[in-house]
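Commentary on secondary and tertiary structure
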Amino acid sequence: MGMTLIEKILANHSKESVVKPGEIVDIEIDIRAARDFGGANVVKNMQEYNLTIADPKKTFFTFDCNPTGSDQKYAVNQQICRLFARDNGVKVFDINVGIGTHTLIEQGLAYSGITAVTTDSHANILGAVGAFGQGMGDKDIAVAIHKGKLWFKVPKSVKINLNGKRPEGIFAKDIVLGLLNRFGANSLLGYAVEIYGEEVDHLTLDERITISSMATEMGCIIILFTPNEAIMEYAEYRSGKKIDVVRADFDAEYDQVFEMDIEKFVPRVSLPGEPHNTVPVGKAKGVKIDSAFIGSCTNGRMEDFRIVANILKGKKVAPGVVFKIVPATDEIWKECLKEGLLNIFKEAGALVSNAGCAGCAAGQVGQNGVGEVTISTGNRNFPGKQGKGLVYLASPATVTASAIAGCIVPHNEIPELPVTFGTGKAKLKEVGTMLHSGHKTIDKPKRIEGRVWYIPMDNIDTDMIFHNRYLSITEMEEMGQYTFDNLMGYEEFARKAMPGDIVIAHKNFGSGSSRQQAVDCFKALGIQAIVAESYGAIYERNAINAAFPIMTCDTILKLNLKDGDTIRLDFETGKITNISKNISVIGERFSEVQLEIYQNGGLF
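In this text, all values refer to a predicted model and were calculated from it rather than measured experimentally. (Residues numbered from 1 in each chain as written. Predicted model: local features only at pLDDT ≥ 70, side-chain atom pairs only at ≥ 80, totals over all residues. Heavy atoms only, no water.)

Further remarks concern the nonpolar core. Within soluble globular proteins, side chains that are nonpolar tend to cluster in buried spots. Residues I465, F484, F493, F509, F522 and Y539 are the most contacted members of the largest nonpolar core, which totals 83 residues. Setting aside anything within four residues of it in sequence, one finds F522 in contact with I465, T483, F484, F493, V503, F509, I527, I530, Y539 and F548. Counting residues in hydrophobic clusters, the runner-up holds 63 residues, among them A110, A128, A284 and I294. (Core = buried A, V, L, I, M, F, W, Y, C linked by side-chain atoms within 4.5 Å. Buried < 20%, exposed > 50% of the residue type's maximum accessible area, 1.4 Å probe, protein only. Contact = heavy atoms within 4.5 Å.)

Set out below in structure tokens:
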């Protein structure tokens with residue numbers, strides 16, 4: 001049997017000629033990057049453990065979370081990274097450049113077949129050019145910078161065939177929202193996804209970026225495309241060298257193959273709170289909005305802004321609506337200026353900011369307030385992610401049309417007169433709503449007992465665990481007090497939790513961003529372990545690498561748990577016992593790698 005695309009890439013970067021799902025291999029990392037979010041913690045790890053840099057030319061810092069330098073804590077973290085970079089000959093893509101993942105493509109660093117890790121949970125966006133990109137925590141990144149390699153568990157692969165002809169008026173964002181509607185947040189959890197089809201072959205780079213950028217919201221490791229001729233020409237021009245395209249073997253074995261009819265896709269909008277909770281735009285039509293946002297790593301590309309300008313030209317943003325526009329990179333910003341698009345935006349009454357992540361980063365352009373309703377091209381609308389208001393997700397066309405209309409409308413149904421505040425015309429709707437060997441092994445317990453905190457919820461994301469407004473905190477002892485303060489019903493968790501407690505949750509725990517703080521906050525409180533049916537892929541790595549015990553068990557419901565029960569976990573056998581009710585189930589035991597890291601006390 002041949003290999004899938006991700007297996008091919010991982011094998012090419014390991015000592016193995018063939019790799020298979022479930023195998024743990026050390027892989028060479030071509031790009032090792034850290035952002036202003038997480039970068040200071042990477043530097044801290046490097047300095048505290050006297051780690052050297054394996055190859056400064058493959059190491060980068062990208063400042064995109066706070067591109068205005070407007071937050072004092074971010075400014076401090078950025079300067080920590082700059083000083084470290086100057087001392088070690090490392091390239092910094094500073095606050096004037098744009099989103100790091102886009103910059104890696106733009107600079108010719110990321111292309112078919114390469115491997116990259118960054119502190120950005122959307123590093124898998126590089127699947128758009130057929131590269132392996134993965135967001136990781138600061139400890140992983142420090143090891144990658146130091147060793148040039150990381151361990152990785154080869155994931156299973158699935159193939160999605162999009163059959164038929166793409167309907168007119170269906171944009172790339174509608175396609176990925178359609179995929180989210182079909183697969184949800186966790187049915188593809190931990191898989192590498194490859195997408196094929198006649199229409200897929202014609203997708204532009206910008207369109208592929210939009211689709212790949214929401215792999216994280218689908219729970220996937222990555223969404224990979226095989227580059228077409230145009231994308232290979234772009235990559236070779238940007239990199240200045242000849243590149244061989246990496247493809248899956250014709251006889252590659254996939255865990256599952258899905259056939260989907262692209263002709264049935266319709267324009268969609270994600271309802272507030274869950275990116276995968278999507279409906280046709282028409283079902284949200286008439287929802288009054290306060291603001292609209294174009295940008296993020298999902299839809300901050302040149303083609304997106306041409307769509308916006310084409311709809312916006314000669315029109316005005318509805319009275320009372322704030323329309324925020326943020327290009328992904330400075331190069332795109334300059335191209336918008338060159339083509340006259342910025343003038344169209346400003347004449348229409350939009351606000352245009354410098355390039356960066358914007359609304360997905362606390363304190364940046366795109367955040368909203370309590371009671372505010374926003375329609376956004378971002379990739380996440382988890383509670384609190386873009387502020388304290390409600391956020392709908394949609395394509396640039398739908399967002400722009402809605403900004404003009406003053407309420408959510410399909411892109412081809414802009415009314416002659418906008419809906420305004422206080423006119424009584426707004427029909428408000430409630431529409432859904434490598435191991436570091438420098439340490440001696442510590443004799444840590446392989447069986448623990450503790451009091452249960454049972455949180456029977458799926459998809460508890462990292463913003464619910466440790467909100468992005470606290471990301472500038474680098475000292476672990478300060479993190480515990482903010483644990484779960486953005487999870488409805490558990491805002492008092494940090495005050496009530498006791499050392500030794502064990503948290504139990506359901507599917508996809510820790511989905512979302514790559515922030516290490518979402519693990520370290522539990523350690524700061526003395527929480528002993530977490531048990532869940534499944535985890536976000538990045539969160540799972542971060543916890544394992546921090547020697548924080550996590551166990552996976554898909555039969556949690558059989559334990560008949562309630563808050564306050566006493567539970568016993570056996571890391572070696574996987575046995576989980578509700579001592580209070582004398583009920584036992586078998587979960588997944590620690591792998592050899594997890595147990596070794598646990599006994600080492602972490603990667604360092």
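What the largest cavity holds in volume is close to 200 Å³. If you trace the largest cavity, you find 20 residues lining it, with R35, D120, C357, C360 and K385 closest to the centre. Residue composition of the lining of the largest cavity, grouped by class: nine nonpolar, six polar and five charged. In this structure, the second largest cavity spans a volume of roughly 120 Å³. Lining the second largest cavity are 16 residues, and of these T216, G512, G536, A537 and I538 sit closest to its centre. Element by element, the count of residues in the lining of the second largest cavity is highest for helix α17 (residues 537-545), at three residues. Tallied by class, residues from the lining of the second largest cavity come to five nonpolar, eleven polar and no charged. (1 Å grid on protein atoms, 1.4 Å probe; cavity = no way out; pocket = protein on both sides within 12 Å on 5 of 7 lines; lining within 4 Å. Points joined across faces, edges and corners; volume = space filled by probe spheres on them. Nonpolar A, V, L, I, M, F, W, Y, C, P; charged D, E, K, R; others polar. Helix = DSSP H or I, 4+ residues; strand = E, 2+ residues; numbered from the N terminus.)

With that out of the way, let us pick up the layout of surface pockets. Of the voids in this model, the largest pocket is the one considered here, and its volume is about 1,100 Å³. As for the largest pocket, its lining consists of 34 residues, and the residues nearest its centre are K153, G190, E540, T552 and E588. Looking at the lining of the largest pocket, the elements with two or more residues in it are β7 (149-153), α17 and β22 (550-552). Looking at which element gives the most residues to the lining of the largest pocket, the answer is α17, with four residues. Its residues assigned to classes, the lining of the largest pocket shows 16 nonpolar, nine polar and nine charged.

On to the pairing of strand β23 (residues 566-570), then. Walk down a regular strand and you will see the side chains alternate between the two sheet faces. Relative to β23, strand β19 (residues 447-455) runs antiparallel, the two sharing five bridges. Within β23, the position partnered with R447 by the bridge is D570. Bridge analysis of β23 against strand β24 (residues 575-578) gives three bridges, and the strand direction is antiparallel. By the bridge assignment for β24, L569 is matched with I576. Here β23 folds back onto β24, and the loop between the two strands holds four residues, one of which, G574, carries a positive phi near 85 degrees. (Pairing = 2+ DSSP bridges.)

On to the pattern of salt bridges. Per the counting criterion, the structure on display carries 26 salt bridges. Between K285 and E413 there is a salt bridge, with its nearest N and O atoms 2.6 Å apart. Of this pair, K285 sits in the loop between β13 (278-280) and β14 (291-294) while E413 sits in the loop between α13 (396-405) and β19; the two residues are 128 residues apart in sequence, bridging distant segments of the chain. Its relative accessible area of 35% is what places K285 among the partly exposed residues. (Salt bridge = Lys/Arg side-chain N within 4 Å of Asp/Glu carboxyl O.)

It is worth spelling out the packing of aromatic side chains at this point. Summed over all chains, the structure comprises 19 aromatic pairs. Seen from their ring centres, F61 and F84 are 6.3 Å apart, and the 90 degrees between their planes marks the pair as edge-to-face. You can see F61 sitting in strand β3 (residues 59-62) and its partner F84 sitting in helix α3 (residues 72-88), a full 23 residues away along the chain. The exposure classification of F61 matches that of F84, with both residues buried. Arranged with centres 4.4 Å apart and planes meeting at 10 degrees, the rings of F571 and F590 form a pair that is stacked. Pair noted here: F571 is in the loop between β23 and β24 and F590 is in the loop between β25 (583-586) and α18 (592-600), with a separation of 19 residues, a long-range link. Linked through ring pairs, W453, F484, F493, F509, F522, Y535, Y539 and F548 together constitute an aromatic cluster. For K159, the ring lying beneath its charged end belongs to Y196, and the centroid distance is 5.4 Å. (Phe/Tyr/Trp six-rings, centres within 6.5 Å; stacked < 30°, edge-to-face > 60°. Lys NZ or Arg CZ within 6 Å of the ring centre and 35° of its normal.)

The next thing to look at is the sheet that holds strand β11 (residues 256-261). Ordered in space as β10-β9-β8-β11, the four strands form an open sheet in which the pairing is parallel. Only two strands of the sheet have a single neighbouring strand rather than two, namely β10 (222-224) and β11. The sheet shows a mean angle of 25 degrees between the axes of neighbouring strands, direction not considered. Pairing geometry for strand β8 (residues 157-163) and β11, over six bridges, is parallel. Its bridge partner being in β11, K159 is matched across the sheet by V257. Lying on the sheet, helix α6 (residues 172-183) is in contact with β8, β9 (192-196) and β11; it crosses β11 at an angle near 125 degrees. (Axes fitted to C-alpha atoms, helices over the stretch in contact; angles between N-to-C directions.)

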